[in-house]
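For reference, the chains in residue letters:
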Amino acid sequence: MSDLSPNEPLKILAFSDVFLPGYKGGGPIKTIKNLIEQTDKEISFQLVTNDRDLGDSAPYSSIVCGEWNQVGNASVFYAKPGSRGYKQIAHILREKNYDVIYLNSFFSPRFSFYPLLLAKFLKKKIVLGPRGELSRGALKIKPIKKRIFIAAFKLLKLQNGVTFQASSDFELRDISQTLGPKVDIRIAEDIGSKDFAEPSHERQSNTLRAVFVSRISPIKNLLMALESTRNIKRPFIYHVYGPIED
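In this text the structure is predicted, and so the values were computed from the model without any measurement.

A. Representation of the packing of helix α2 (residues 82–95) against helix α3 (residues 109–121) in the model. Relative orientation of the contacting elements α2 and α3 amounts to 45 degrees, with a least axis distance of 11 Å. Viewed along their axes, α2 and α3 adopt a mutual orientation that is oblique. Helix-helix and strand crossings are classified by hand; for α2 and α3 the assignment is right-handed. Along its contact with α2, which presents Gly85, Tyr86, Ile89, Ala90 and Leu93, the element α3 presents Pro109, Arg110, Phe111, Tyr114, Pro115 and Leu118.

B. Broad picture of the sheet that holds strand β8 (residues 184–187). Pairing is mixed across the open sheet formed by 8 strands, whose spatial order is β3-β4-β2-β1-β5-β6-β7-β8. Both edges of this open sheet fall to β3 (68–71) and β8, since each of them pairs with a single strand only. The mean inter-strand angle of the sheet, taken between neighbouring strand axes irrespective of direction, is 25 degrees. Here 3 bridges tie strand β5 (residues 100–103) to strand β6 (residues 126–128), and the two strands are oriented parallel to one another. The residue bridging Tyr102 from the neighbouring strand is Val127, located in β6. Here α3 sits on the sheet and contacts β1 (10–15), β2 (43–50), β4 (74–79), β5, β6 and β7 (162–166); the angle it forms with β5, its principal contact strand, is near 155 degrees.

C. Region of the structure containing helix α6 (residues 169–179). Looking at α6, one finds that the buried residues are Glu171, Asp174, Ile175, Thr178 and Leu179. Down the axis, α6 shows its buried residues gathered within 100 degrees of arc, on one side only. Residues of α6 that are exposed and angled more than 90 degrees away from the buried face: Asp169, Phe170 and Gln177. Turning to α6, the residues buried within the fold contact α4 (136–139), α5 (143–155), β7 and β8. Phi for Gly180, located one or two positions after α6, is positive at around 110 degrees.

D. View of the side chain of Asn50. Structurally, Asn50 is set in strand β2. A polar contact is formed between the side chain of Asn50 and the backbone oxygen of Asp17, at a distance of 3.1 Å. Within the local environment of Asn50, its side chain forms a polar contact with the side chain of Arg110, the two groups lying 2.3 Å apart. What Asn50 contacts, discounting residues up to four positions off in sequence, is Ser16, Asp17, Tyr60, Tyr78, Ala79, Arg110 and Phe111.

E. Summary view of the pattern of salt bridges. Under the criterion given, the structure shown has 7 salt bridges. Linking Glu37 and Lys33 is a salt bridge whose minimum nitrogen-to-oxygen distance equals 3.2 Å. You can see Glu37 and its partner Lys33 sitting in helix α1 (residues 27–38), 4 residues apart, about one turn around the helix. Owing to a relative accessible area of 36%, Glu37 belongs among the partly exposed residues under this scheme. The partner of Asp174 in a salt bridge is Arg173, with the nearest N and O atoms 3.5 Å apart. A relative accessible area of 10% means that Asp174 is categorised as buried. Classification of Arg173 by relative accessible area gives partly exposed; the value is 38%. One salt-bridge network, held together by shared partners, links Glu8, Lys11 and Asp99.

F. How the structure looks around the layout of surface pockets. Roughly 1,200 Å³ of internal volume is contained in the largest pocket. Along the walls of the largest pocket sit 33 residues, with Glu133, Lys146, Arg215, Ile219 and Glu245 positioned nearest its centre. Sort the elements by how many residues they give to the lining of the largest pocket and α6 lands first, with 3 residues. Along the lines of polarity and charge, the residues of the lining of the largest pocket split into 11 nonpolar, 9 polar and 13 charged.

The rules we used
Residues numbered from 1 in each chain as written. Predicted model: local features only at pLDDT ≥ 70, side-chain atom pairs only at ≥ 80, totals over all residues. Heavy atoms only, no water. Axes fitted to C-alpha atoms, helices over the stretch in contact; angles between N-to-C directions. Helix = DSSP H or I, 4+ residues; strand = E, 2+ residues; numbered from the N terminus. Parallel < 35°, antiparallel > 145°, perpendicular 65-115°, else oblique. Left-handed = near helix turned anticlockwise from the far one by under 90°. Contact = heavy atoms within 4.5 Å. Pairing = 2+ DSSP bridges. Buried < 20%, exposed > 50% of the residue type's maximum accessible area, 1.4 Å probe, protein only. Arc of directions from axis to C-beta. Polar contact = N/O pair within 3.5 Å; in protein donor to acceptor, adjacent residues only side chain to side chain. Salt bridge = Lys/Arg side-chain N within 4 Å of Asp/Glu carboxyl O. 1 Å grid on protein atoms, 1.4 Å probe; cavity = no way out; pocket = protein on both sides within 12 Å on 5 of 7 lines; lining within 4 Å. Points joined across faces, edges and corners; volume = space filled by probe spheres on them. Nonpolar A, V, L, I, M, F, W, Y, C, P; charged D, E, K, R; others polar.

Below is the structure:
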């Protein structure tokens, strides 16, 4: 890491598959947004992400693709798909002296694995947050591909020299069980939003109302939540809100 003067902010180049104005990527978008907004006095963030929302075939209409855009407190580059996007990522990694390369995925080919290889070649300091991708439930989805990827990752010893960010003791255990006990793991809890919902009104009827707000994906365990409602003996209304991923 480069030497910093007391008044100079830490320069971080972050990579993520999903970010604003997208919403289909769920929690990571909010997590990264909160991190950038609440550390802007100490850290200067530049973020590289997709030029379109999760699963979309068309790019965002409200941003300029292939250029830096100011989004809140962050400077965001929306990389184009295909080989052009890979070239853009390589150029960004080489053009400035960043203090830390921050990766927000373990399995993403374009926004984690590729920049990880380049950052290692350039001898950059790397922090990788798996964002729950190494939990038992997540690893059961497309398990063969993930086992092959993890085996190759460990065979190439790509975990060496990388600091892994866990958001809890549970995630620390998941990372350690997957990659080995000697991996450098630090717990840094996700930063909550400063925006708070209005207090809910007291329930005035005998009907229980509940809501599920998340991506519609196996990892979110909506199926189990639905199945568990079979045993409810009182009037019950359950609303499900979220982008359909699966």
